[in-house]
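# Structural features, examined
Here is what each chain is made of, one letter per residue.
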Amino acid sequence: MKDVNALIDPHRDRFLSELLTLLSFPSVSNDADRKDDVCRTASWLSSHLRGIGLQSEVMATAGHPVVFAQRLERADLPTVLVYGHYDVQPVDPLDEWLSPPFAPEIRDGKIFARGATDDKGQAFAHVAAIDALLRSEERLPVNIKLLIEGEEEIGSPSLHPFLTAHKDLLAADLVVVSDTSMFAADTPSLCYGLRGLVYCEVHVQGPTKDLHSGQFGGAVENPINALATIIAGLKDKDHRITIPGFYDDVRELPADERAALSHLPGTAEELRKQLGVPRLAGEAGYDENEWRWTRPTLDVNGIWGGFMGAGAKTVIPARAGAKISMRIVPNQDPEKIARLFEEHVVRLCPPTVRLTVLQAHSAPWALLPRDHPAMSAARTAVRIGFGKEPVLTLEGGSIPVVQAFEEVLGLRTLLIGFGLPDDGAHSPNEKLDLDHFYRGIATVAALYRELGGAGR
Ligand code: BES
Ligand code: ZN
């Protein structure tokens, strides 16, 4: 049996150029004008998967299509369901990109493009590993099913019904997802939990139209001021969220888990420097990893209203609004948190304006057993691919479908990501280190072998 690196070596250039093709599709899922691009991405991916020896089809959903591919080798081998997403986040602010987001460019050993790390590059590592194994051995060490969706970045609204409708097709022994980051470049990691998300919009309506602030200012509520009052009332100066009942179901970490996380390398000062802030800001009594991974948050993602042009305009705006999200943790319930949020916003809103609270989407948190057998297979695979023992971490981001795999298909998920914290997911100049792409492919090939019992 060839060493995984030897399997991959002959195909390095080809894998890279295929990934660059995938990255050049502008598959922004939240942009209605990109619908055709999203569909073209799914078609390209599906025909590529057919080309490397899988059965593959583009399957319709109520939203963007899902690419489903499989190769069933033998009934006595375990079946691995690999999940990833081919959709990407919007690219704004566009003028901060050094190269166009959908014209991938390699600089300094890194591929720069929207989706490079989140998640096209990481999902494609699986495709490349399958390709390399098939070319060298003409078979795979496990049965493989690939589910690559186009709506992850908008909360995977179609995936729960898709899983329910295709339970038999998706039957497997384990889900594997590469859509997280490693702890640091010199510290490979495996992830055993994710935060969830509740995303809302708050709209405040004042007068029916913009007014002269001299003529009417002082007699009507300014909707931006009212919105600012609401937002200011959602957190206190100690960074605690003030919504009554918000923390009721938050799991306090068991001492052993807390100790393990506190022993991870890295310091708050390093994080502060990396992020370029004068000081980090988090709840008293917790460290920087707990702030990002195990504690819930409330953040304004965007805010609008009034005059934003150059110079000054004296105006009382008619309306204002904000997009506000909360990262939730075990054992908070997204529906309950959404309700508590709305009730509190209603309480905070002055009676002098009209208020609407909209729920955008939500995602449950995920917590996976640290002692699952797949974890030891993954540990070996990371050792082979990255030459180092991985540490165990949590992540603060969300992958909405992980909970659904458990609920609908009864499957545990292994989160094995190859990105880096400075990859700039959702930011300008998103990148993936080429070295991590190739090591990721090797790790995945080793993982399949381990899971199939062919590792030893
Ligand atoms: N790849 C991320 C999830 C992620 C982010 C994992 C950071 C670990 C660290 C994923 O593509 C993502 O961005 N998810 C969204 C989900 C949301 C839209 C429901 C997120 O977390 O904002
Ligand atoms: Zn993302």
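The text that follows walks through the structure, step by step, so that each part is easy to find. (Residues numbered from 1 in each chain as written. Chains lettered and ligands numbered in written order. Predicted model: local features only at pLDDT ≥ 70, side-chain atom pairs only at ≥ 80, totals over all residues. Heavy atoms only, no water.)

### Considerations on the site of ligand 1
Taken together, 16 residues form the shell around ligand 1, and within it Asp118, Glu152, Asp179, Arg327 and Ser398 come nearest. The contact in question runs from an oxygen atom of ligand 1 to an N or O atom on the side chain of Glu153, over 3.1 Å. Side-chain polar atom of Arg327 to an oxygen atom of ligand 1: 2.8 Å apart, as the coordinates give it. Considering ligand 1 on its own, with 510 Å² of exposed area, one finds that the protein chains cover 87% of that surface. (Near = heavy atom within 4 Å. Polar contact = N/O pair within 3.5 Å; in protein donor to acceptor, adjacent residues only side chain to side chain. Areas by Shrake-Rupley, 256 points an atom, 1.4 Å probe, with all protein chains shown as cover.)

### Some points on the coordination of the zinc ion (ligand 2)
Within the first shell, the zinc ion (ligand 2) binds the protein through Asp118 (OD), Glu153 (OE), Glu153 (OE) and His426 (NE2), at distances of 2.0 to 2.6 Å. Between the 6 donor atoms coordinating the zinc ion (ligand 2), the angles at the centre fall across 55 to 156 degrees, so the site counts as irregular. Read N to C, the donor residues that coordinate the zinc ion (ligand 2) are spaced as D-x34-E-x272-H. Of the two residues, Asp118 sits in the loop between β5 (110-112) and α4 (120-137) while Glu153 sits in the loop between β6 (143-149) and α5 (159-165), which places them 35 residues apart along the sequence. (Donors = N, O, S within 2.8 Å, 3.2 Å for Na, K, Ca; no water. Tetrahedral: all angles 85-135°; square planar, octahedral: opposite > 155°, others 65-115°. Helix = DSSP H or I, 4+ residues; strand = E, 2+ residues; numbered from the N terminus.)

### Here's the deal with the sheet that holds strand β9 (residues 196-205)
In space, the 4 strands of this open sheet follow the order β11-β13-β9-β14, with antiparallel pairing throughout. Looking at strand neighbours, the two that pair on one side only are β11 (299-305) and β14 (354-363), the edges of this open sheet. With direction set aside, neighbouring strand axes in the sheet form an average angle of 15 degrees. Pairing of β11 with strand β13 (residues 319-328) involves 6 bridges; the strand directions are antiparallel. What sits directly across from Ile303, in β13, is Ala322. Here helix α6 (residues 223-232) sits on the sheet in contact with β9, β11, β13 and β14, set at roughly 15 degrees to β13. (Pairing = 2+ DSSP bridges. Axes fitted to C-alpha atoms, helices over the stretch in contact; angles between N-to-C directions. Contact = heavy atoms within 4.5 Å.)

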